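Summary of structural features
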Amino acid sequence: QVQLVESGGGLVQAGGSLRLSCAASGRTFSSYTMGWFRQAPGKERDFVAGIKWSDGYTYYADFVKGRFTISRDNTKNTVYLQMNSLKFEDTAAYYCAAGDGRRWWDEHDYDYWGQGTQVTVSS
């Protein structure tokens, strides 16, 4: 049974930092892209960042470039999202996902999803 379990969300002041973790289990993800998406209340779910498990190649949404960093630890089967210089508009539920498609920005190309972790940034 595939499981993606996110952790690390919470309440932080604007300008602060958080690190999200996504622990993956239940299958081999070596050919997969691991992605982070976010969804604010009343809004669509947006791509945030992705990383290819095989070679570590990364992708970022323009609105997080220079502030967020995605990484992976193969030994722990865990993907991280380091979020710095957080803004009020970063407030959302953050979801980890795994997919083997080429449309790394498209949530429909992801097969497995975690339950989400809430990030709230106070202004």
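An account of the accompanying structure is given in this report. Small disclaimer: the values here were computed from a predicted structure and weren't measured.

1. Digging into the environment of Lys65
- Of note, Lys65 is situated in the loop between β6 (58–60) and β7 (68–73).
- Between the C-alpha atom of Lys65 and that of Lys52, which follows or precedes it by 13 residues, the distance is 17 Å.
- A polar atom in the side chain of Lys65 sits 3.2 Å from the side chain of Asp62.

2. Some remarks on the packing of aromatic side chains
- Under the definition given, this model contains 12 aromatic pairs.
- On the numbers, 6.4 Å between centres and 35° between planes, the contact of Phe29 with Trp53 is tilted. Placement of the pair is Phe29 in the loop between β3 (18–25) and β4 (33–39) and Trp53 in the loop between β5 (46–52) and β6, with a sequence separation of 24 residues. For the pair Phe29 and Trp53, one class covers both residues: buried.
- Relative to Phe47, the ring of Phe37 has its centre 5.6 Å away and its plane inclined at 75°; by these criteria the two rings are edge-to-face. Within this pair, whereas Phe37 is found in strand β4, its partner Phe47 is found in strand β5, the two being separated by 10 residues in sequence.
- When its relative accessible area of 0% is taken as the criterion, Phe37 is described as buried.
- By the ring-pair criterion, three or more aromatic residues cluster together here, those being Phe37, Phe47, Tyr57, Tyr59, Trp104, Trp105, Tyr110 and Trp113.
- The lysine or arginine in question, Arg45, covers the ring of Tyr95, its NZ or CZ lying 5.2 Å from the ring centre.
- The ring of Trp113 has Arg45 lying over it, and the distance from NZ or CZ to the ring centre is 3.9 Å.

What counts, and where the lines are drawn
- Residues numbered from 1 in each chain as written.
- Predicted model: local features only at pLDDT ≥ 70, side-chain atom pairs only at ≥ 80, totals over all residues.
- Heavy atoms only, no water.
- Helix = DSSP H or I, 4+ residues; strand = E, 2+ residues; numbered from the N terminus.
- Polar contact = N/O pair within 3.5 Å; in protein donor to acceptor, adjacent residues only side chain to side chain.
- Phe/Tyr/Trp six-rings, centres within 6.5 Å; stacked < 30°, edge-to-face > 60°.
- Buried < 20%, exposed > 50% of the residue type's maximum accessible area, 1.4 Å probe, protein only.
- Lys NZ or Arg CZ within 6 Å of the ring centre and 35° of its normal.

Keep in mind that these numbers describe shape and distance, not what the molecule does.
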